[in-house]
Amino acid sequence: SQKIEQNSEALNIQEGKTATLTCNYTNYSPAYLQWYRQDPGRGPVFLLLIRENEKEKRKERLKVTFDTTLKQSLFHITASQPADSATYLCALDPSGNTPLVFGKGTRLSVIA
Amino acid sequence: GAVVSQHPSWVICKSGTSVKIECRSLDFQATTMFWYRQFPKQSLMLMATSNEGSKATYEQGVEKDKFLINHASLTLSTLTVTSAHPEDSSFYICSARPGTVYNEQFFGPGTRLTVL
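All chains use their own residue numbering, which begins from 1 and follows the written sequence. All chains are assigned letters beginning with A, and all ligands numbers beginning with 1, in the order in which they are written. Residue-level local features of this predicted model are given only where pLDDT is at least 70; pairs of side-chain atoms are given and counted only at 80 or more, and the full residue set underlies all totals for whole chains, interfaces and linings. Excluding hydrogens and water, the side-chain values take into account all heavy atoms of the structure.

Engineer: Would you mind showing me how to read the nonpolar core here?
Structural biologist: Note on soluble globular proteins: their nonpolar side chains tend to be buried together. Counting residues in hydrophobic clusters, the biggest one holds 25 residues, and the most contacted among them are V4, W35, F67, L79, Y92 and L113 of chain B. The set of elements that each furnish at least two residues to this core consists of β2 (10-13), β3 (19-25), β4 (32-38), β5 (45-51), β7 (67-73), β8 (76-81), β9 (90-97) and β11 (111-115) of chain B. Contact criterion: two residues are considered in contact whenever any of their non-hydrogen atoms come within 4.5 Å of each other. What V4 of chain B contacts, discounting residues up to four positions off in sequence, is C23, R24, S25, F28, C94, A96, F106, F107, G108 and P109 of chain B. Grouped together as the second largest cluster of nonpolar side chains are 23 residues, L47, I50, I77 and C90 of chain A included. Here, the term nonpolar core denotes a set of buried Ala, Val, Leu, Ile, Met, Phe, Trp, Tyr and Cys residues that are joined through side-chain atoms within 4.5 Å. Only protein chains enter the accessibility calculation, which uses a 1.4 Å probe; a residue is then buried when its area is under 20% of its type maximum, exposed when over 50%, and partly exposed in between. Helix numbers and strand numbers start at the N terminus; a helix is a DSSP run of H or I with at least 4 residues, a strand a run of E with at least 2.

Engineer: What exactly am I supposed to notice about the interface of chain B and chain A here?
Structural biologist: For an interface, size is often stated in terms of accessible area lost upon the parts coming together. Contact with chain B, which involves 19 residues of that partner, is made by 22 residues of chain A. Summed over both partners, the accessible surface that disappears when two parts come together, traced with a 1.4 Å probe, is what is meant by buried area. Together chain B and chain A conceal approximately 1700 Å² of surface at their shared face, both sides included; 56% is due to carbon and sulfur atoms. For salt bridges, the criterion is a side-chain nitrogen of Lys or Arg within 4 Å of an Asp or Glu carboxyl oxygen. On inspection of chain B and its partner chain A, the count reaches one salt bridge. The closest approach of N and O atoms between D93 of chain A and R97 of chain B, which form a salt bridge, is 3.3 Å. What qualifies as a polar contact is a pair of N or O atoms within 3.5 Å, subject to a donor-acceptor requirement within protein and to the restriction that residues adjacent in sequence count only when both atoms come from side chains. Applying the counting criterion to the chain B and chain A interface returns six residue pairs in polar contact (both at pLDDT 80 or more). Of all the secondary structure elements, the ones that give two or more residues to the side of chain B that touches chain A are β4, β5 and β9 of chain B. Residue classes in the side of chain B that touches chain A are distributed as ten nonpolar, seven polar and two charged. When residues are grouped by polarity, Ala, Val, Leu, Ile, Met, Phe, Trp, Tyr, Cys and Pro land in nonpolar, Asp, Glu, Lys and Arg in charged, and all others, Gly among them, in polar.

Engineer: What is the right way to look at the packing of aromatic side chains in this model?
Structural biologist: Two descriptors summarise a pair of aromatic rings, namely the distance from one centre to the other and the angle between the planes of the rings. Within 6.5 Å between ring centres, the rings of Phe, Tyr and Trp (the latter by its six-membered ring) count as paired, and their orientation is classed by plane angle as stacked under 30 degrees, edge-to-face over 60, tilted in between. Under the definition given, this model contains eleven aromatic pairs over all chains. For the pair F28 of chain B and F106 of chain B, a centre-to-centre distance of 5.9 Å together with 55° between the ring planes defines the contact as tilted. On the criterion of sequence distance, the pair formed by F28 of chain B in the loop between β3 and β4 and F106 of chain B in strand β10 (residues 106-107) is long-range, its members being 78 residues apart. For F28 of chain B, a relative accessible area of 12% corresponds to the buried category. Residue classification places F106 of chain B among the buried positions, given a relative accessible area of 14%. Of the aromatic side chains, those joined through ring pairs into one cluster are Y36, F46 and F102 of chain A together with Y36 and F107 of chain B.

By themselves, these figures tell us nothing about what the structure is for.
So this is what it looks like as structure tokens:
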């Protein structure tokens, strides 16, 4: 069956450290993958999109990698801050024009 | 970025009543909108895909007669929960896609529905 998994349900790190979140998928060959941030009681907010021909993408303190051989994306937040505490969701579009499929998310807590 | 609004942000209703939730794209036209529901500490579960001017496509297990979706214009989609029951209590989130391919989805802030 097709699955998208985010390995850690929760991740606690110290302020200033780099947080690394993992997203793995099976039985998909997505053309691109997306990462979203969701705060409690709010809708997801788009962060980054990375295409299959891009190995890495950066936006300020965020970095995403996409390894289509491993079927894995890594999401990094450098110099993490307590304000980065939220749930981070990875999502992919199975065929390029279909609804996004979401992972369950990783709840990140950055401790001051 | 593009803005999607939802109204109401929260609603409490009695069992057996119907509730309508509106989803609007404020600064772009969305030919496709999506409706999700989310239970506590769970991921978003797609309920249906709404296309302007045509019938919605429902995911397996979602009752189309219970969750009525209308996408009357390129900026408005509505979800009506008919004859709501306590098990329908959830967080309902809509999203809109500006284009058709390789575009991110923009999400509304969500609507918390509580059925007593």
